[in-house]
Amino acid sequence: MKNILYVFVLSIFAGTFYSCEEDESLVPTPPLVDGLYARLDITNKVLNIDDPENSYFGGPLTSPSGRIVEYKLYVKRRDAFGTFGDFALVKTITSFPTELKIFRRDIAAALGLTESSLLFGEEYYFYAEAFDAEGNRANWYSLSAVVQTSVGLKNVFRFRTTLQNQAFFDQQVNLDDYDNYVNP
């Protein structure tokens, strides 16, 4: 009887430890997409309408694992009336690391517009896809919810910028507070 009691207590004790292990199937993050995550350290967050030749949105774009062979970046416009257009391919990048620079003229060309038709206060939303040598694709929906909602992780699959005038820059606006990773 004493042995049965020990076995019973031992099985309860072992069951308690076993149940404390995390069940991986309950973790709400998708499997990692090996090597298809890129990083964008934005250094220029807002386009200056008064300096179209020198003002760009972008910064260093890297592929930490070196497995991305193609990065396609699309843009769509939210005009001054709040109307959204469709996404259009603005850039294809095939070598990393690189300096991603998106000028006003690049956005206009992608959308089939003239540069002068892009107006003060408009917003430009970017969406990207990354591909490896085997053709595997990663995009915003490949990321876990944590990465999608974390500003500090510098994901390169969804972000935005606006077109402002020189007065915006002259106001000493803290561009660190200008969050380019929030989308509607």
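To start, this report covers the structure provided alongside it. Please read all numbers here as calculations on a predicted model, not as lab measurements.

### Some points on the overall build of the protein
Line of reasoning, step 1. In terms of helices and strands, the protein carries four helices and nine strands.
Line of reasoning, step 2. Counting from the amino terminus, the protein carries its helices and strands in the arrangement α-β-β-β-β-β-β-α-β-β-α-β-α.
Line of reasoning, step 3. Across the 184 residues of the protein, 36% fall into the buried class.
Line of reasoning, step 4. Considering only residue pairs separated by 6 or more positions, the protein has 65% of its internal contacts joining residues 24 or more positions apart.
Line of reasoning, step 5. If you sum the accessible surface of the protein, you get close to 10900 Å²; carbon and sulfur atoms cover 56% of it.

### Topic: the nonpolar core
Line of reasoning, step 1. One finds Leu61, Tyr71, Leu73, Ile102, Ile107, Tyr124 and Phe126 to be the most contacted residues of the largest nonpolar core, which totals 32 residues.
Line of reasoning, step 2. In terms of residues, this core owes the most to one element, strand β7 (residues 123-131), which gives five residues.

### Considering the packing of aromatic side chains
The geometry of an aromatic ring pair comes down to the distance between the two centres and the angle between the two planes.
Line of reasoning, step 1. With the rule as written, the count across this model stands at six aromatic pairs.
Line of reasoning, step 2. Ring geometry for Tyr56 and Phe103: centres 5.5 Å apart, planes at 55°, overall tilted. Residue Tyr56 is found in strand β3 (residues 56-62), and its partner Phe103 is found in strand β6 (residues 98-103); the two are separated by 47 residues along the sequence.
Line of reasoning, step 3. Ring centres of Phe57 and Phe159 lie 5.4 Å apart, and the angle between their planes is 25°; on these two criteria the pair is classed as stacked. Of the two residues, Phe57 sits in strand β3 while Phe159 sits in strand β9 (residues 158-164), which places them 102 residues apart along the sequence.

### Quick word on the sheet that holds strand β1 (residues 39-40)
Line of reasoning, step 1. Pairing within the open sheet is antiparallel, and its three strands lie in the order β1-β3-β6. Strand pairing shows two members of the sheet lacking a second neighbour, β1 and β6, which therefore form its edges.
Line of reasoning, step 2. In this structure, β1 lies alongside β3, joined through two bridges in antiparallel fashion. What sits directly across from Leu40, in β3, is Leu61.

### Remarks on the pairing of strand β4 (residues 70-78)
Line of reasoning, step 1. Two strands pair when backbone bridges link them, and β4 and β7 are joined in this way by nine bridges, in the antiparallel orientation. Its bridge partner being in β7, Lys76 is matched across the sheet by Tyr125.
Line of reasoning, step 2. Across five bridges, β4 lies against strand β5 (residues 88-93) in antiparallel orientation. Bridge pairing in β5 links Tyr74 to Leu89.

### Side note on the side chain of Asn48
Line of reasoning, step 1. Position of Asn48 relative to the elements: it lies in strand β2 (residues 47-48).
Line of reasoning, step 2. From its side chain, Asn48 meets the backbone nitrogen of Asp50 in a polar contact 2.9 Å long.

### A short note on the pairing of β9
Line of reasoning, step 1. Taken across its seven residues, β9 has six buried, putting it largely inside the fold.
Line of reasoning, step 2. As paired strands, β2 and β9 are joined by two bridges and run parallel to one another. Residue pairing in the sheet places Leu47 in a bridge with Leu163 of β9.
Line of reasoning, step 3. Across five bridges, the pairing between β7 and β9 is antiparallel. When the bridges of β9 are listed, Tyr127 appears paired with Arg158.

### Topic: the environment of Phe126
Line of reasoning, step 1. Of note, Phe126 is situated in strand β7.
Line of reasoning, step 2. Along the sequence, Phe126 and Leu89 sit 37 residues apart, while their C-alpha atoms lie 9.5 Å from each other.

Calculation rules
- Residues numbered from 1 in each chain as written.
- Predicted model: local features only at pLDDT ≥ 70, side-chain atom pairs only at ≥ 80, totals over all residues.
- Heavy atoms only, no water.
- Helix = DSSP H or I, 4+ residues; strand = E, 2+ residues; numbered from the N terminus.
- Buried < 20%, exposed > 50% of the residue type's maximum accessible area, 1.4 Å probe, protein only.
- Contact = heavy atoms within 4.5 Å.
- Areas by Shrake-Rupley, 256 points an atom, 1.4 Å probe, with all protein chains shown as cover.
- Core = buried A, V, L, I, M, F, W, Y, C linked by side-chain atoms within 4.5 Å.
- Phe/Tyr/Trp six-rings, centres within 6.5 Å; stacked < 30°, edge-to-face > 60°.
- Pairing = 2+ DSSP bridges.
- Polar contact = N/O pair within 3.5 Å; in protein donor to acceptor, adjacent residues only side chain to side chain.

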